[in-house]
Amino acid sequence: MASLVHGYPSTSDRSRGWLRYLYRKATTPDNWDKDGEPHPHWDNITGAPMRSWHRMDLVQSSFAMAVMADRTPAWREVYGRILDELSIRYTGYWAPKDWLDQIGDDPRREQYPEAWYENLIPPFLRGKYDVPGWTSNGVEPWGLQMDPIGCDGNLFYKGDFLVLLGFHAYVTGDEKWNEPFDIVRNGPDTFTWTHSRIAEFLVAQMARRPEGIHCENTKIWPL
């Protein structure tokens, strides 16, 4: 790391330690396609049942990059490399794995931990309602939609992807993600998008549905 110059913006020892850790984490090779698996250092445990997905770690790790890039913009190559690595992983099968794998109603409806029934499900719907976090791809009236961006629901996947791509463009000034790229990449379930097309699609969805777009099918988040 560069030496600090008194009177000029700098990052703290703690934030530089976090930067070193995240750089190592982001540049450690792994494979987020269906035939691969994310490295164990990507968290898929914290925040169950709603946030315990590897992609949440990608998005939340990006916040610090945007903040530090504003503080020390001369290091944008480091920040940009990390944001690019996060974005690349976000295009793989494992990023929208919940949408792609959680088809129909949750077969575990009657076996949830008691705390989920107490805090997340109205008593009169116990055993008859999917917990928040179960995406329910394929339920009526929407049907099965395997494009995690072009579907009616799955707001949190496509919205968080826009945050990640927006940070990359903001920090680097590079329009690489406005060139067509593929997501999911699982044979026929391969879908092509660009940064701008995702934004335009999401704006059009919101215009059609002022009440909001659902993350899990059947659930619109008032927050």
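Reading guide: rules and limits
- Residue positions within a chain follow its written sequence, with the count starting from 1.
- Restriction of local features to residues with pLDDT of at least 70 applies here, the model being predicted, together with a cutoff of 80 or more for giving and counting side-chain atom pairs; totals for whole chains, interfaces and linings are based on all residues.
- Heavy atoms from the whole structure form the basis of all side-chain values; hydrogens and water molecules are not counted.
- Secondary structure follows DSSP: runs of H or I at least 4 residues long count as helices, runs of E at least 2 residues long count as strands, and numbering of each begins at the N terminus.
- By this rule, a helix spans an expected 1.5 Å times one less than how many residues it contains.
- Burial status follows relative accessibility: with a 1.4 Å probe on protein chains alone, a residue under 20% of its type maximum counts as buried, one over 50% as exposed, and anything between as partly exposed.
- Contacts: residue pairs with any heavy atoms within 4.5 Å of one another.
- Only when DSSP finds a minimum of two bridges between them are two strands counted as paired.
- Note on method: axes are straight lines fitted to C-alpha atoms, helices fitted across the in-contact stretch only, with angles between N-to-C directions ranging 0 to 180 degrees.
- With respect to orientation, any angle under 35 degrees is reported as roughly parallel, any angle over 145 as roughly antiparallel, any angle of 65 to 115 as roughly perpendicular, and every other angle as oblique.
- Two helices cross in a left-handed way if the nearer one is turned anticlockwise from the farther one by less than a right angle. They cross in a right-handed way if the turn is clockwise.
- As a working rule, the residues Ala, Val, Leu, Ile, Met, Phe, Trp, Tyr, Cys and Pro are called nonpolar, Asp, Glu, Lys and Arg charged, and the rest polar, with Gly in that last group.
- We call Phe, Tyr and Trp rings a pair once their centres come within 6.5 Å, taking the six-membered ring for Trp, and we label the pair stacked below 30 degrees between planes, edge-to-face above 60, and tilted otherwise.
- Two conditions define a charge sitting above a ring: the NZ of Lys or the CZ of Arg must be within 6 Å of the ring centre, and it must be within 35 degrees of the ring normal.
- Put simply, buried Ala, Val, Leu, Ile, Met, Phe, Trp, Tyr and Cys residues joined by side-chain atoms within 4.5 Å make one nonpolar core.
- Between Lys or Arg on one side and Asp or Glu on the other, a salt bridge is scored when a side-chain nitrogen of the former is within 4 Å of a carboxyl oxygen of the latter.

A. Focus on helix H1 (residues 13-27). Here H1 is 15 residues long and its end C-alpha atoms lie 21 Å apart, about the 21 Å a rise of 1.5 Å per residue gives. Of all the residues in H1, the buried ones are Ser15, Arg16, Leu19, Leu22, Lys25 and Ala26. Looking at the buried positions of H1, the neighbouring elements they touch are helix H2 (54-71) and helix H3 (76-90).

B. Molecular detail of the pairing of strand E1 (residues 181-186). In this structure, E1 lies alongside strand E2 (residues 189-193), joined through four bridges in antiparallel fashion. The residue of E2 that forms the bridge with Asp182 is Thr192. Taken together, E1 and the strand that follows it, E2, pair antiparallel across an intervening segment of two residues, in which Gly187 is found at a positive phi of about 65 degrees.

C. Spotlight on the packing of H3 against helix H6 (residues 155-172). Following both chains from N to C, one finds H3 and H6 inclined at 155 degrees, their axes separated by 9 Å at the closest point. By the angle between their directions, the pair H3 and H6 is classed as roughly antiparallel. Crossing of H3 against H6: the hand is left-handed. Where H3 approaches H6, its residues Arg76, Tyr79, Gly80, Leu83, Asp84, Leu86, Ser87 and Tyr90 are matched on the opposing element by Phe156, Tyr157, Asp160, Phe161, Leu164, Leu165, Phe167, His168, Val171 and Thr172. Residues of the contact of H3 with H6, tallied by class, amount to eleven nonpolar, four polar and three charged.

D. Highlighting the packing of aromatic side chains. One pass over the structure, following the stated rule, counts eleven aromatic pairs. Where Tyr112 meets Trp116, the ring centres are 5.4 Å apart and the plane angle is 50 degrees; that geometry is what we call tilted. Looking at Trp116, the relative accessible area reads 17%, which means it is buried. Judged by centre distance (5.5 Å) and plane angle (70 degrees), the rings of Trp193 and Phe201 are edge-to-face. What makes Trp193 buried here is its relative accessible area of 5%. For Phe201, a relative accessible area of 23% puts it in the partly exposed group. Taken together through their ring pairs, the aromatic side chains of Tyr90, Tyr157, Phe161, Trp177 and Phe181 make up a single cluster. A cation over an aromatic ring shows up here: Lys97 above the ring of Trp94, its NZ or CZ 5.1 Å from the ring centre.

E. Seen up close, the nonpolar core. Met65, Tyr79, Tyr90, Phe161, Phe181, Ile183 and Ile198 are the most contacted members of the largest nonpolar core, which has 38 residues in total. For this core, the elements supplying multiple residues, two or more each, are H1, H2, H3, helix H4 (97-101), H6, E1, E2 and helix H7 (195-208). Here this core gets six residues from one element, more than from any other, and that element is H6. Core analysis: the next-biggest nonpolar cluster, separate from the first, contains six residues, Trp116, Tyr117, Ile121 and Trp134 among them.

F. Local environment of the environment of Gly80. Here Gly80 shows up in helix H3. Residues Gly80 and Ala69 lie eleven residues apart in sequence; the distance between their C-alpha atoms is 8.9 Å. Aside from chain neighbours lying at most four places away, what touches Gly80 is His168, Val171 and Thr172.

G. Layout of unusual backbone geometry. Here the residue pair Ala48 and Pro49 is connected by a cis peptide bond, since its omega of 5 degrees sits within 30 degrees of zero. Structurally, the position occupied by Pro49 is in the loop between H1 and H2. In this structure, the amide linkage connecting Glu140 to the following residue, Pro141, adopts the cis form with an omega of 10 degrees. Here Pro141 shows up in the loop between helix H5 (114-120) and H6. At Asn154, a residue that is not glycine, the phi angle is positive and equals roughly 65 degrees.

H. Representation of the pattern of salt bridges in the model. Enumeration over the complete set of coordinates arrives at 14 salt bridges. Notably, a salt bridge pairs Arg16 with Asp13, separated by 2.4 Å at the nearest N-O pair. Highlighted residues: Arg16 and Asp13, both in helix H1, separated by three residues, approximately one helical turn. With a relative accessible area of 8%, Arg16 lands in the buried category. Between Asp130 and Arg109 there is a salt bridge whose closest N-O contact spans 2.7 Å. Here the residue Asp130 occupies a position in the loop between H5 and H6, and Arg109 occupies one in the loop between H4 and H5, the gap between them amounting to 21 residues. With respect to burial, Asp130 and Arg109 carry one shared label: buried. Each of the salt bridges in this network shares a partner with another, and the network as a whole consists of Asp30, Arg81, Glu85 and Arg89.

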